[in-house]
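Listed here are the chains, written in short residue letters.
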Amino acid sequence: MELLRLLVLAVLALEQGVAGPTETVGNSSEGLLEFSLGKFRYFKLNKPFPEEAVLRDISSNATFLIFQIHSQYQNTTVSFSKTLLPSTSGTGTDKGLVFILRPEQSMCTWYLEAVDAEPVQSMAVPLSYSERDPVPGGCNLEFDLDIDPNIYLEYNFFEISIKFAPANLGYARGTDPPPCDVGMSQDSRWRLRYDVYQYFLPENDLTEQVLLKHLQRMVEVPQVKARAIKVVTLTANDKTSIYFSSLPVQGVIYNVIVWDPLLNTSAAYVPVHTYACSFKAMEGDCSSLGRVSTKVFFTVFALLGLFICFFGHRFWKTELFFIGFIFMGFFFYILITRLTPIKYDGNVKVFRDDVVFWITFSCIAIIIPLVFMGCLRILNILTCGIIGSYSVVLAVDSYLYTSLSYITLNVLKRALNTDFHRAFTNVPFQTTDFIILAVWGMLAVSGITLQIRRERGQPFFPPHPYKLWKRERERRVTNILDPSYHIPPLRERLYGRLAQIKEFFQEEQSAGERTPLLL
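Residues numbered from 1 in each chain as written. Predicted model: local features only at pLDDT ≥ 70, side-chain atom pairs only at ≥ 80, totals over all residues. Heavy atoms only, no water.

## What about the overall build of the protein?
From N to C terminus, the protein includes 11 helices and 18 strands. Burial analysis of the protein (519 residues in total) assigns 40% to the buried set. Surface accessibility of the protein: about 29,800 Å² in total, with carbon and sulfur atoms responsible for 62%. (Helix = DSSP H or I, 4+ residues; strand = E, 2+ residues; numbered from the N terminus. Buried < 20%, exposed > 50% of the residue type's maximum accessible area, 1.4 Å probe, protein only. Areas by Shrake-Rupley, 256 points an atom, 1.4 Å probe, with all protein chains shown as cover.)

## Things to note about the packing of aromatic side chains
The full count for this structure, using the stated rule, is 22 aromatic pairs. A ring pair is formed by F35 and F43, whose centres lie 6.2 Å apart and whose planes are at 85°; its orientation type is edge-to-face. Exposure class is identical for F35 and F43. Each is buried. Look at F164 and Y269: their rings are 5.3 Å apart centre to centre, the planes differ by 65°, and that puts the pair in the edge-to-face class. Taken together, the positions of F164 in strand β12 (residues 159-164) and Y269 in the loop between β17 (265-268) and β18 (272-274) put the pair 105 residues apart, joining distant regions of the chain. Taken together through their ring pairs, the aromatic side chains of F35, F43, F67, F80, F99 and W110 make up a single cluster. If you follow R422 out to its NZ or CZ, it ends over the ring of Y243, 3.7 Å from the centre. (Phe/Tyr/Trp six-rings, centres within 6.5 Å; stacked < 30°, edge-to-face > 60°. Lys NZ or Arg CZ within 6 Å of the ring centre and 35° of its normal.)

## Let's talk about the confidence of the model for the protein
Scored by pLDDT, the protein has a mean of 81; 77% of the residues are at 70 or more. Under a pLDDT of 50 for its full length, residues 1-20 has, in the predicted model, 11 contacts with residues more than four places off or in other chains. (pLDDT = per-residue confidence, 0-100. Contact = heavy atoms within 4.5 Å.)

## Considerations on the pairing of β12
Among the 6 residues of β12, 5 are classified as buried, and the element is accordingly described as predominantly covered. As paired strands, strand β11 (residues 151-155) and β12 are joined by 5 bridges and run antiparallel to one another. By the bridge assignment for β12, E154 is matched with S161. Counting the residues that bridge the hairpin from β11 to β12 gives 3 residues. Where β12 meets strand β15 (residues 241-245), 5 bridges bridge the pair, whose relative direction is antiparallel. The residue bridging I160 from the neighbouring strand is F244, located in β15. (Pairing = 2+ DSSP bridges.)

## Brief notes about the sheet that holds strand β4 (residues 51-55)
Pairing is mixed in the open sheet, where 5 strands are placed in the order β2-β4-β9-β6-β7. The strands lining the two open edges of the sheet, one partner per strand, are β2 (32-35) and β7 (89-92). Strand-to-strand twist of the sheet, defined as the mean angle between neighbouring strand axes without regard to direction, takes the value 20°. Of the strand pairs in this sheet, strand β6 (residues 76-79) and β7 are connected by 4 bridges, and their pairing is antiparallel. Among the inter-strand pairings, S79 is bridged to a residue of β7, identified as S89. (Axes fitted to C-alpha atoms, helices over the stretch in contact; angles between N-to-C directions.)

## Focus on the packing of helix α4 (residues 292-311) against helix α9 (residues 431-454)
In the contact formed by α4 and α9, the axes pass within 7 Å of each other and the chain directions differ by 45°. Here α4 lies oblique to α9, going by the angle between them. Contacts from L306, I308, C309, F310 and F311 of α4 reach α9 at L443, A444, S446, G447, I448, L450, Q451 and R454. Class assignment for the residues of the contact of α4 with α9 results in 9 nonpolar, 3 polar and 1 charged. (Parallel < 35°, antiparallel > 145°, perpendicular 65-115°, else oblique. Nonpolar A, V, L, I, M, F, W, Y, C, P; charged D, E, K, R; others polar.)

This is the structure we're talking about:
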C-alpha cells in the first residue's frame, strides 16, 4: 500500500509539472475569487454578475504582476476598476493586465466580467516578476493600455497576423520606469530581444478542456521554451508584427518571450490562440470542414485519382483529361481570383522573394521531367501514381483536417496573395498526418508497381489517335472484304438522306382516273 501511495503521488507531481499548478472551481465568497501566484483557476463568468479577483500575500521581491484570463471563443473583460475604461481594461478571449506594485503593497484586485449573455468557462492566473525582469508592453504607443502585455491577433483565409507592444526594462518599486525613446544604447530597452513561439493543439480537437489545458503550457517562460517551437527572434529595431500561414480548424497558440541579454532575464507576454475559423458563424463554422458540395467534388475527384493511380498509363485519354483538369483548374482559379472581386474561402528566408520562389518552383517542375527524359513511360507512371494517390489526401482533408493538404494549398495561396511571402508556413505533423502519409505512400507504390508490371512488353505509349484513324481509313480502302468498304462516302450518304427527307414532305400527285381493261 505504501508503494501504491508513492506511485500516486509521483503521478500527481508529474501532472503538475506538465500543466502547471491548478486550483479547482469555487469561490471563497459570493462574487469574490481568491487567487494564488502561479496557480491556475477555472470558473464561470456570467454577464449580470461580475467577479472580483483578489491576490493576497504578494512577496516584497515582486515589482509587477501580470494577471491574465482565457476562454475559448467568448469574450471576457478584465479591469483594474468596476468602471470599464479603455486605458484600464481589456476585452477578448486572451487578455491580461500589468499591475505595477507600489512600495509595501501586498494585495491586488481585478474585476472580471463576461461580455456575452451566456456563461463563459474561463481560466485565469496571476504571475509575478522582479525588478530585473523586462516589462512586456512597457513601451506601448499603439494600443489603449498604458502598459499592454497582450498579443493582438487577426486572421483571414491566407494568413494570421500577431502584433504586440515593445517591452521596457525592469525597475524597482516606487521608481520611475526607464525612458522608452531616449537614446539607443545598451542601457536602454533597445537591447531587448523578442522570441516568437508557436504551439499546435492536437489535430481535430476543438474541445474547451483541451485548449485550456494546453494554454497552461504557454504562460510561463520555462514551459514555453520547453514545449513550443521558436519561430523567429526579433530585435528592438524590427517591427513587432509577425505573419503565419492560416490553418483553418487547427488550433494554434502564440506567445512572445522578451529577453534581456545583459541581465539574462526574461518575461512572457499573454499567450493568444486561434482556430482561424469562427465558432459563432451560422454557416461554415469551426465544427464543419467545408460545404457539402466541396466534399462531393473531392470525393469524386479522389475516385478518378485512384483510377489514374492504378490504370492511368493504359487509359491514356483519361489520364490526359485528369492532368489537364488539374492544371486548367489551378490556372483559371488563380486568374479569376486575381482579376475579379470574388471572395474565396517552408520558412527559408530566401523564398520570401516572389521572384526567387517562382523561379525555384519552375526549375524543379522542369528538372524532374528532364531527369526522366530517357524513360518517359516510367515518368508517366510515376506521375499517375503520385498525383492520383494524392487526390485521396485532398479528399480526406475535406472530411478530416490533415497538414499534407498544404503541400498544394500553400503554393495556391502564394499565387493568389501577393503578401503571402511574409508568412511563416509551419504546420503540425501529428498522428493523423503519419497515418495519411502512410496511406498515400502505400497507394502510390502499389499503383506504380502494378502499372510497371502490367505495361512490361507493351508499347511505351498508346498510338496517336490521328495515326489510328489514318491507319483504319487505309485499311478500309484496300480491303474489299471489309463491310465498311461498301459504305458510300459521307458526302453521298448526306445527300441521300436529304433526298429522302425532301421526298417525305412532297405531296403525292394524282395519276388521273383509271378503269379496268375491257376485253
